[in-house]
Amino acid sequence: MRGILAVVLVLALVGGACNGAAPEVVAPPMGEAGTLRVVMGLAEAEWRVVREVVIAPFEQETGARVVPVQMEAADLVRQLDAQVQAGAVSIDLITQDNNQLAPLVAKGLVEDLTPFRDLIPAETPASLLPGLEFDGRLYFLPYRPNVQITYALQDHFAAHGLEPPRTWDELLAVGRTFATREKFGRVVIQGVPGAPLGVVVSEFLWQGGGDPLNLTDAGSVRAFEFMQELEPYLAPVYQTAKFDTINTYLASETAYLGQNWPFGADVIVRQYRKRNVAAYSGWAGPAGEYHVLGGEVIGIPRGAPRRELALKFAEFLMSRPVQEALLQRLAWPPMREDAFGAVAEWQQPFFAAVQGALRQARARPNVVYWGEVERVLSDAFRDVVVNKQPAVPTLARYQAQIEQARAAR
Amino acid sequence: VRAAVSPGTVGFYALAVLFAGMALLPLLLLLKVSLSGPEDVLVQHPAFGVYHPTLEHWQAVLKPEVIGPPLRKSLVVATGTAVLAVLIATPAAYVIARLPRGWRYGVVLALLFTRMFPEVIIATPIAVTFLRAGLIDTDIGLILAHLIRNLPFVAWILVGTFEVIPRDLEEASWVDGNGRLGTLWSVVLPLAAPGIAVAAIFAWLDSWNDLLYAIYLLLAERTLPLMTYYFANRGSVFDVATFSVVLTVPVLVLTLLLQRYIRAGTLGGAVKG
């Protein structure tokens, strides 16, 4: 018993010591204009910049106090769902991955911002607007558009006398060459079911002339058959590749070619010190080159305690100085056309790739059953691409599931 | 002439080393990554050794403002959960253990029944209730949430512990003039100490490793698993490895300190009806 008591005492003392050494983590004092709780999902380096170029100037300008909260997109949906159900919403503003918007709207977790449409700057590219609406209602404001670019380890390509692929045919040839010569696939796609695979399959479908909501379309069938042909030449790790792991696969040279969001450049080149990485927008299919428009948008939770202040913060986030600062400091593509500016020299090739890909970017269909569509796309990928089931009857079966999801809403 | 070391002993130690190696290998790999530069890890065939050692990952993690708040939170919550779970479950388990066999069996089944629901399903309603009670970002909120799943388990372990303590000892203590409470304190609890230690370790470890309730109930603060999760999502493999080692070390220390209480047979009674 004495041993147990001693352990408890030691733990309590260590806990107390940590408390003493730690900086203040209790709720900060209220600003003159109130306290705004803002949720974002960022890396530590990104938080430092956001605190410096967004939060501090806003606090100075308005006298408000901003409490930043780190949360991943999927966790935000769960957290907000619980808060709204409890009638105890404590979050005033969110910036959310635009691949995760449907659950927020379907569950009624965000305010309808249609009356505030005028807040969107006139300089916002028209291509960003459809992604903000569901059923004709505006639920989100633009903030940070994004698009996946293609990373290629140029020394390995040079060693095999290859060029990074620009078309489906070249992609297949590159994949086959690496797999044949090295006995190991070196092309990786983000094959984790759900959102990662949803982006990959959507891009292939558009490139093939198909439609993620219509899998029996000739273009969709063509895209699945192409992926089926490509799959044996992919790096085996592709089934665990998503936005974070794919950086490690490229940095460890497990794969030589892969697509990821632009932050990957910061991780692979700056953090992991890889110098052999080239970037470009990607490859085209028979119907052209297309990319899923990603990034983050601004939302106001239903029942947010300080909605007016939150709207003011949203306006601030969309302002030209903030967008320019985020571009210069984090290489985040701006949501307004008048905010393009200089980026660091090492980032320039990557940012050029981003600009190229953004020109070919498309918002995914903003339907509240998109989560179910992503599941269907992942299941269809498993059956047709991985398990090599015939594309036409298999896709017909999955199209029926999409129709069911549409009818249920 | 008898051999100094029998083949059985050699086999035993060989197996012990093998299993210890299997258990320690993941931790050693984490430690290696946390002490390595990218040149040792981010290559096609990473070496097992550390050829480009660096402390930069540890220096980044061990900054007081990085490690302090989550370490404090995790220690306070895990210790609070373990202490409360034992304090509440010990008397309850003693009473259950002394119930008639049929009743006892029913109560133990009822305790286990509460563990049958998938936590992902019940987490939202629990979080809603806690949010209504204003228990967000509080130590006590997280401790209470962890008690929900730990109390039945701790009570179940302790019922088994008390069951195997002979009643004759208690009766002898009564004959010597000890009352019920005196007997419980001076006779039963010392004998039950190994079981209580095991139950406390389980409760502490479960709370220490929890991520689900921390995601729901913490906004401005973080626990160590939340920090590890954050770096897994947003950081490098070096950050994740370093934080994982930090997360694991207290578990090893605690287990080593209390291992003498974990003896064969401690849980044996727990499966008796």
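This text goes with the structure placed above it.
Reference entry: report on the structure contained in this document. (Residues numbered from 1 in each chain as written. Chains lettered and ligands numbered in written order. Predicted model: local features only at pLDDT ≥ 70, side-chain atom pairs only at ≥ 80, totals over all residues. Heavy atoms only, no water.)

**A few points about the pairing of strand β1 (residues 35–40) of chain A**
All names here are of chain A. Put simply, the test is: Each residue gets one of three labels from its accessible area relative to the maximum for its type: buried under 20%, exposed over 50%, partly exposed in between, using a 1.4 Å probe on protein chains only. Labels follow the DSSP assignment, with helices taken as runs of H or I lasting at least four residues and strands as runs of E lasting at least two, numbered in each case from the N terminus. Strands are labelled as partners when DSSP assigns at least two bridges between them. Here is how to tell: hold the view so the strands point away, follow the path from the first strand over the helix to the second, and if it runs clockwise the crossover is right-handed.
Where burial is concerned, most of β1 is hidden: six out of the six residues are buried. Alternating positions in β1 separate into two faces, Thr35, Arg37 and Val39 on one and Leu36, Val38 and Met40 on the other, with burial throughout. Two elements, β1 and strand β2 (residues 65–70), share six bridges in a ladder whose sense is parallel. Counterpart to Val38 in the pairing with β2 is Pro68. Assessed by its sense of winding, the connection that carries the chain from β1 through helix α2 (residues 44–62) to β2 is right-handed.

**A look at the sheet that holds β1(A)**
The pairing of strands in a sheet happens through backbone hydrogen bonds and is either parallel or antiparallel. All names here are of chain A. Short version of the rule: Orientation is described by axes fitted as lines to C-alpha atoms, over the contacting stretch for helices, and by angles from 0 to 180 degrees between their N-to-C directions. What makes two residues a contact is simply this: any of their non-hydrogen atoms within 4.5 Å.
Sheet architecture is open: five strands sit in the order β2-β1-β3-β12-β6, paired in mixed fashion. The open sheet has two edge strands with one neighbour each: β2 and β6 (141–146). Averaged over all adjacent pairs, the angle separating strand axes in this sheet is 15 degrees, with direction ignored. Packed onto the sheet, helix α3 (residues 73–86) meets β1 and β3 (93–97) and runs at close to 135 degrees relative to β3.

**As for a negative patch on the surface**
Residue and element names in this part refer to chain A. As a reminder of what qualifies: What goes into a patch is any residue over 30% in relative accessible area without a salt bridge, connected to like charges within 9 Å or, for nonpolar side chains (Val, Leu, Ile, Met, Phe, Trp, Tyr), within 5 Å. The Shrake-Rupley method, run with a 1.4 Å probe, gives the accessible areas here. Residue values count only the displayed protein chains as cover. Salt bridges are counted wherever a side-chain nitrogen of Lys or Arg sits within 4 Å of a carboxyl oxygen of Asp or Glu. Charge counting follows a simple rule: Lys and Arg are positive, Asp and Glu are negative, and His as well as the terminal groups are ignored. Taken as the charge centre is NZ of Lys, CZ of Arg, CG of Asp or CD of Glu, depending on the residue.
Together, Glu163, Asp169, Glu170 and Glu229 give the surface a local cluster of negative charge. Position of Glu163 relative to the elements: it lies in the loop between α5 (154–159) and α6 (168–182). Residue Glu163 is classed as exposed on the basis of its relative accessible area of 64%.

**So, the environment of Leu28(B)**
Locating Leu28(B) in the fold gives a position in helix α1 (residues 7–34). Remark: the alpha-carbon pair of Leu28(B) and Ile165(B), spanning 137 residues in sequence, is separated by 41 Å.

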